[in-house]
Amino acid sequence: MNKTSIIALALFCFNLGIAQEIKNPKDTEIYEPVPPTVQPYGQNGVPSDAVVLFDGSNLEEWINSKDKSTPSWILNKDDKSMTIQRGQDQKNATIQTKKSFGSVQLHIEWKSPTKINGKGQQRGNSGVFLQGRYEIQILDNNNNDTYVNGQVASVYKQSVPLVKASVPMGEWNSYDIIYHAPEFKGKEIVKPASVTVLHNGVLVQDHFIIKGPTRYIGLPSYTPHGKGSIKLQDHGNPVSYRNIWVREIK
Ligand code: MG
């Protein structure tokens, strides 16, 4: 039995009230396994073990969700961003990662269009879909109210954000998302998905237990799935994105 196991056993016994009193501080110290080292501000300020999904140079990590074609979005080399734009066929321009993910830490930055066009859900609407199913809402909520479980940083139609932490229209927002994928056994859900979101560094979703895939109409319910793409929604508004990276949680 290694030392970690001995300490775990001791703590287990302690919880049962049957432990011998521990008098040596070293008896509760763990030295291995040693966690791997990550450079938090690696290349371009991104953690060294992250998967870069967009750094402003190209859209090679992305495809159109509808027909898997090359995205029609505009690449803006000047500010290393990309902006939602439909192609000539006007088909929906929602994009998704080529790679599939389970549980992740996701960093993403986004900016509302500066030209005000529409109100409520029609103003600066987009969204981040985790595993292609669970939407963290993106919306220009500045001087623009809507139902609160559909406002910016909501888990759409499921969880109202704790606060609204938007920057003014035209400035860059950030989301830092900690997402744990659901677990299934056969057709049964054994552990629902959960999500924590920081909006511009402010806690807005605190380990919310997701009720199922996002639905516009009706109540959500789970169906089993494996890893999935991260989707960025085209809702008809030219929202921009930049600096997107992800770290898989194993
Ligand atoms: Mg949306």
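Calculation rules
- Residues numbered from 1 in each chain as written.
- Predicted model: local features only at pLDDT ≥ 70, side-chain atom pairs only at ≥ 80, totals over all residues.
- Heavy atoms only, no water.
- Phe/Tyr/Trp six-rings, centres within 6.5 Å; stacked < 30°, edge-to-face > 60°.
- Domains from an automatic or database assignment.
- Salt bridge = Lys/Arg side-chain N within 4 Å of Asp/Glu carboxyl O.
- Helix = DSSP H or I, 4+ residues; strand = E, 2+ residues; numbered from the N terminus.
- Buried < 20%, exposed > 50% of the residue type's maximum accessible area, 1.4 Å probe, protein only.
- Pairing = 2+ DSSP bridges.
- Donors = N, O, S within 2.8 Å, 3.2 Å for Na, K, Ca; no water.

Points about the packing of aromatic side chains
For any pair of aromatic rings, the description consists of the separation of the ring centres together with the inter-plane angle of the planes.
Here is step 1 of the chain: Taken as a whole, this structure holds six aromatic pairs when the rule is applied.
Here is step 2 of the chain: The structure contains a cluster of three or more aromatic residues connected by ring pairs, namely Tyr134, Tyr179, Phe184 and Tyr222.

Some points on the domain arrangement of the chain
Here is step 1 of the chain: When cut into domains, the chain gives domain 1 (1–34) and domain 2 (39–248).
Here is step 2 of the chain: The centre of domain 1, based on its C-alpha atoms, is set 42 Å off from the matching centre of domain 2.

Notes on the pattern of salt bridges
For side chains bearing opposite charge, pairing can occur when the charged atoms are close.
Here is step 1 of the chain: In this structure the tally under the stated criterion is eight salt bridges.
Here is step 2 of the chain: Ionic pairing is found between lysine 99 and glutamate 61, a salt bridge with its closest N-O pair at 2.9 Å. Note that lysine 99 is positioned in the loop between strand 5 (95–97) and strand 6 (104–111) and glutamate 61 in the loop between strand 1 (51–54) and strand 2 (62–64), a separation of 38 residues in sequence.
Here is step 3 of the chain: Judged by relative accessible area, lysine 99 falls into the partly exposed class, the value being 36%.
Here is step 4 of the chain: The class for glutamate 61 is partly exposed, based on a relative accessible area of 22%.

Topic: the sheet that holds strand 5
Here is step 1 of the chain: If you walk across this open sheet you meet the five strands as 2-5-14-7-8, and the pairing is antiparallel. The outermost strands of the open sheet, each flanked by one partner alone, are strand 2 and strand 8 (134–138).
Here is step 2 of the chain: Here strand 5 runs beside strand 14 (residues 231–232); their pairing, made up of two bridges, is antiparallel. Paired with glutamine 96 across the bridge in strand 14 is lysine 231.

Some remarks on the coordination of the magnesium ion
Here is step 1 of the chain: Surrounding the magnesium ion are the protein donor atoms Asn125 (OD1), Ser126 (O), Glu135 (OE), Gln137 (OE1) and Gln233 (OE1), at 2.2 to 2.3 Å.
Here is step 2 of the chain: For the magnesium ion, the single-chain donor residues occur in sequence as N-S-x8-E-x1-Q-x95-Q. Residue serine 126 is located in strand 7 (residues 126–130), and its partner glutamine 233 is located in the loop between strand 14 and strand 15 (240–248); the two are separated by 107 residues in the primary sequence.
Here is step 3 of the chain: Accessibility expressed as a relative area gives 14% for glutamine 233, which makes it buried.

Here's the deal with the pairing of strand 12 (residues 194–199)
Here is step 1 of the chain: Summarising burial for strand 12: five of the six residues are buried, a large majority.
Here is step 2 of the chain: Here strand 9 (residues 173–180) runs beside strand 12; their pairing, made up of six bridges, is antiparallel. Residue pairing in the sheet places isoleucine 177 in a bridge with valine 197 of strand 12.
Here is step 3 of the chain: Sheet analysis places strand 12 next to strand 13 (residues 202–209), joined by five bridges and oriented antiparallel. Along strand 13, the bridge assignment pairs leucine 198 with leucine 203.
Here is step 4 of the chain: The antiparallel hairpin formed by strand 12 and strand 13 contains two residues in its connecting segment, where asparagine 200 sits at a positive phi of about 55°.

Concerning the pairing of strand 6
It is a general feature of regular strands that their side chains alternate between the two faces of the sheet.
Here is step 1 of the chain: The buried fraction of strand 6 amounts to seven of the eight residues, a majority that puts the element mostly inside the structure.
Here is step 2 of the chain: Bridge count for strand 6 against strand 9 is seven bridges, and the pairing is antiparallel. Within strand 9, the position partnered with valine 104 by the bridge is tyrosine 179.

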